[in-house]
Amino acid sequence: ACRGRCKVVGNPDLKAETAISYELATSYQTENWGSSLTLFNNDIEDMIQAERWDRVATELSYFNVAEAKVSGAEVEAWVDVTETISLSGNYMFTDAKDETTDKDLTLTPTHTANVQLDWQAMDDLSTYVSYQYTGTQYVRDNEKSAAFGTVDLGAQYEAIKNLNLKLGVTNLTDEERDDVATDYDYILKSRSVYAGVSYDF
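Residues numbered from 1 in each chain as written. Predicted model: local features only at pLDDT ≥ 70, side-chain atom pairs only at ≥ 80, totals over all residues. Heavy atoms only, no water.

**Section: the environment of asparagine 90**
Next up, step 1: Inspection of the secondary structure puts asparagine 90 in strand S6 (residues 85-98).
Next up, step 2: Among the polar contacts made by the side chain of asparagine 90, one reaches the side chain of glutamate 74 at a distance of 3.1 Å.
Next up, step 3: Within the local environment of asparagine 90, its side chain forms a polar contact with the side chain of asparagine 114, the two groups lying 2.8 Å apart. (Helix = DSSP H or I, 4+ residues; strand = E, 2+ residues; numbered from the N terminus. Polar contact = N/O pair within 3.5 Å; in protein donor to acceptor, adjacent residues only side chain to side chain.)

Right, here's the structure in full:
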């Protein structure tokens, strides 16, 4: 782990995580657009979390959070702008607390969202561009990392029946996380190009 600078070891005192979850959802859909709203609440006992590397420790392990609550809401929507162009997106609000300390759980952003534009350029060619937003989050108990966003784009071409070729770019703008995150080794993957082939039997 830690890019070769530490290792993860077991914790013999680790307890199994248990949770009681509630969820309430509603949705509405027409021929050209749709939306949904979901409310959720999770009461968790002995929540399992991993230790965070501080660039000093050579061994990391897992630990229990005695009582935690993760609750929030998610909104999703989509619309057909034209016969070949569609727009979709979602937003999630998350309140994640350590109930014993009343502090926010680490590595759990309060706000996340994404939006995607799809274009069916031809019968056998589809393309998309998307934006993902990750809000501020604690990486240590009292150290908060700034929000960041990434842009991806890609295309899929059906060369022959059931044979699809894929090409795309992730993190197009080569976004980087702030010093608070990178100091603890939470590094965002840089701009990457991918290509692939798939066949549906």
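**Re the packing of aromatic side chains**
Next up, step 1: Scanning the entire structure with this criterion turns up two aromatic pairs.
Next up, step 2: Look at tyrosine 199 and phenylalanine 201: their rings are 5.0 Å apart centre to centre, the planes differ by 75 degrees, and that puts the pair in the edge-to-face class.
Next up, step 3: On the basis of relative accessible area, tyrosine 199 is assigned to the partly exposed category, the value being 42%.
Next up, step 4: For phenylalanine 201, a relative accessible area of 94% corresponds to the exposed category.
Next up, step 5: Above the plane of the ring of tyrosine 184 lies arginine 140, whose end atom (NZ or CZ) is 4.0 Å from the centre. (Phe/Tyr/Trp six-rings, centres within 6.5 Å; stacked < 30°, edge-to-face > 60°. Buried < 20%, exposed > 50% of the residue type's maximum accessible area, 1.4 Å probe, protein only. Lys NZ or Arg CZ within 6 Å of the ring centre and 35° of its normal.)

**Notes on the nonpolar core**
Next up, step 1: With eight residues, the main nonpolar core is built from Phe40, Ile44, Met47, Val65, Ala68, Val70, Ala96 and Leu105.
Next up, step 2: Elements represented by at least two residues in this core include exactly strand S3 (33-50) and strand S5 (62-80).
Next up, step 3: Discounting chain neighbours no more than four positions away, the residues touching phenylalanine 40 are Tyr22, Glu23, Val70, Ser71, Gly72, Ala73, Glu74, Met92, Phe93 and Thr94. (Core = buried A, V, L, I, M, F, W, Y, C linked by side-chain atoms within 4.5 Å. Contact = heavy atoms within 4.5 Å.)

**Some remarks on the pattern of salt bridges**
Next up, step 1: Within the structure shown, the criterion is met by four salt bridges.
Next up, step 2: We note a salt bridge from lysine 7 to glutamate 59, for which the minimum N-O separation is 3.8 Å. In this pair, lysine 7 is assigned in strand S1 (residues 7-8) and glutamate 59 in strand S4 (residues 59-60), connecting sequence segments 52 residues apart.
Next up, step 3: Assessed through its relative accessible area of 48%, lysine 7 is described here as partly exposed.
Next up, step 4: We classify glutamate 59 as partly exposed; its relative accessible area is 45%.
Next up, step 5: Salt-bridge contacts for arginine 55 lead to aspartate 185; the nearest nitrogen and oxygen are separated by 3.6 Å. Linking arginine 55 in the loop between S3 and S4 with aspartate 185 in the loop between helix H1 (179-183) and strand S14 (192-199), this pair joins segments that are 130 residues apart in sequence.
Next up, step 6: Residue arginine 55 is classed as partly exposed on the basis of its relative accessible area of 32%.
Next up, step 7: A relative accessible area of 17% means that aspartate 185 is categorised as buried. (Salt bridge = Lys/Arg side-chain N within 4 Å of Asp/Glu carboxyl O.)

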